[in-house]
Amino acid sequence: MKQEIIIAGFGGQGVLSMGKILAYSALFEGKEVTWMPAYGPEQRGGTANVTVIVSDERISSPILSEFDVAVILNQPSLDKFESSIKPGGTLIYDPNGISEPPKRKDITIYHIDAIGAATELDNIKAFNMIVLGGLLKVCPVVSDENVQKALRKTLPQRHHNLIPLNEEALRRGKEIVELD
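Overview of the structure. (Residues numbered from 1 in each chain as written. Predicted model: local features only at pLDDT ≥ 70, side-chain atom pairs only at ≥ 80, totals over all residues. Heavy atoms only, no water.)

1. Here we look at the packing of aromatic side chains
Each aromatic ring pair is characterised by the separation of its centres together with the angle its planes make. Stated formally: Any Phe, Tyr or Trp ring, taking Trp's six-membered ring, that has another such ring centre within 6.5 Å forms a pair; planes under 30 degrees apart are called stacked, those over 60 apart edge-to-face, and the others tilted. Numbering of helices and strands runs from the N terminus; a helix is a DSSP stretch of H or I covering at least four residues, while a strand is a stretch of E covering at least two. Relative accessibility under 20% of the residue-type maximum defines a buried residue, over 50% an exposed one, and the middle range a partly exposed one, all with a 1.4 Å probe and only protein chains included.
Taken as a whole and assessed by the stated rule, the structure comprises two aromatic pairs. When the ring of Phe67 is compared with that of Phe81, the centres are 6.2 Å apart and the planes differ by 85°; the resulting orientation is edge-to-face. Pair noted here: Phe67 is in strand 4 (residues 67-72) and Phe81 is in helix 2 (residues 75-81), with a separation of 14 residues, a long-range link. Both residues of the pair, Phe67 and Phe81, belong to the buried class.

Shown next, in the form of structure tokens:
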């Protein structure tokens with residue numbers, strides 16, 4: 001098993017955190033992992049993306065030009081990465097950040113209203129965990145148990161009180177992700 005995943009959106013949406021949690025979860029499962037972030041100097045408000053490769057075998061290079069799965073959270077990222085999804089691959093997007101929906105017919109497309117769900121949870125910062133939950137429903141590359149371990153590893157100790165909210169957000173994401 002090998003999954004080549006890109007998560008892309010605006011800085012401040014938790015894109016890099018999602019990738020880091022996914023990577024740590026895979027490490028806890030004994031899988032080979034790469035985590036390669038990319039962002040502009042503006043960070044918040046500029047575009048950011050992270051490439052995560054999860055594999056049962058050694059990974060030869062972290063540099064990718066095509067992806068099995070793309071999680072897209074804004075229009076500039078959709079414009080840039082939609083064509084980089086392998087035929088037969090998967091695209092997951094939040095329609096709130098998209099003005100022109102995906103056009104490809106040779107991939108499976110899902111949408112997730114993570115902004116709406118985060119508003120319902122009364123915590124917009126849960127947005128990225130809702131999206132991650134949707135990704136893990138569609139592409140279960142790691143177990144929920146190891147995602148919980150990764151949350152404890154990646155969140156600073158002072159924010160561990162937010163772990164139950166993050167776990168609820170992950171569950172909510174799995175419930176609301178829908179096939180286009």
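2. Description of the pairing of strand 4
Convention followed: Strands are labelled as partners when DSSP assigns at least two bridges between them. Crossover handedness is defined by viewing with both strands directed away from the observer: a clockwise path from the first strand over the helix to the second marks the crossover as right-handed.
With six of six residues buried, strand 4 is to be regarded as a mostly interior element. As paired strands, strand 1 (residues 2-10) and strand 4 are joined by four bridges and run parallel to one another. Each bridged residue has a counterpart across the sheet, and for Ile6 the counterpart in strand 4 is Ala70. In this region the chain leaves strand 4, passes through helix 2 and returns to the parallel neighbour strand 5 (residues 85-93); the handedness of that crossover is right-handed.

3. Observations regarding the sheet that holds strand 6 (residues 108-111)
Taken in spatial order, the seven strands make up an open sheet running 2-3-1-4-5-6-7, and their pairing is mixed. For this open sheet the edge positions go to strand 2 (32-39) and strand 7 (178-179), each flanked by a neighbour on one side alone. As paired strands, strand 4 and strand 5 are joined by five bridges and run parallel to one another. Bridging across to strand 5, Val69 finds its partner in Thr90.

4. Quick notes on the side chain of Glu167
Here is the rule we go by: Two residues qualify as a contact provided that any one of their heavy atoms is within 4.5 Å of a heavy atom in the partner residue.
Among the secondary structure elements, Glu167 is positioned in helix 6 (residues 163-176). Glu167 sits in the buried class, given a relative accessible area of 15%. Here Glu167 is in contact with Gln148, Leu151 and Arg152, once residues within four sequence places are set aside.

5. A look at the pattern of salt bridges
Note the cut-off: Note on definitions: salt bridges are taken to be side-chain nitrogens of Lys or Arg within 4 Å of carboxyl oxygens of Asp or Glu.
Summed over all chains, the structure comprises twelve salt bridges. Of the charged contacts, one joins Glu120 and Arg172 as a salt bridge, the two residues approaching to 3.2 Å between their closest N and O atoms. Here the residue Glu120 occupies a position in helix 3 (residues 114-120), and Arg172 occupies one in helix 6, the gap between them amounting to 52 residues. On the accessibility criterion, Arg172 (22% relative accessible area) is partly exposed. Across the pair Lys174 and Asp144 runs a salt bridge whose closest N-O atoms are separated by 2.4 Å. Placement of the pair is Lys174 in helix 6 and Asp144 in helix 5 (residues 144-154), with a sequence separation of 30 residues.

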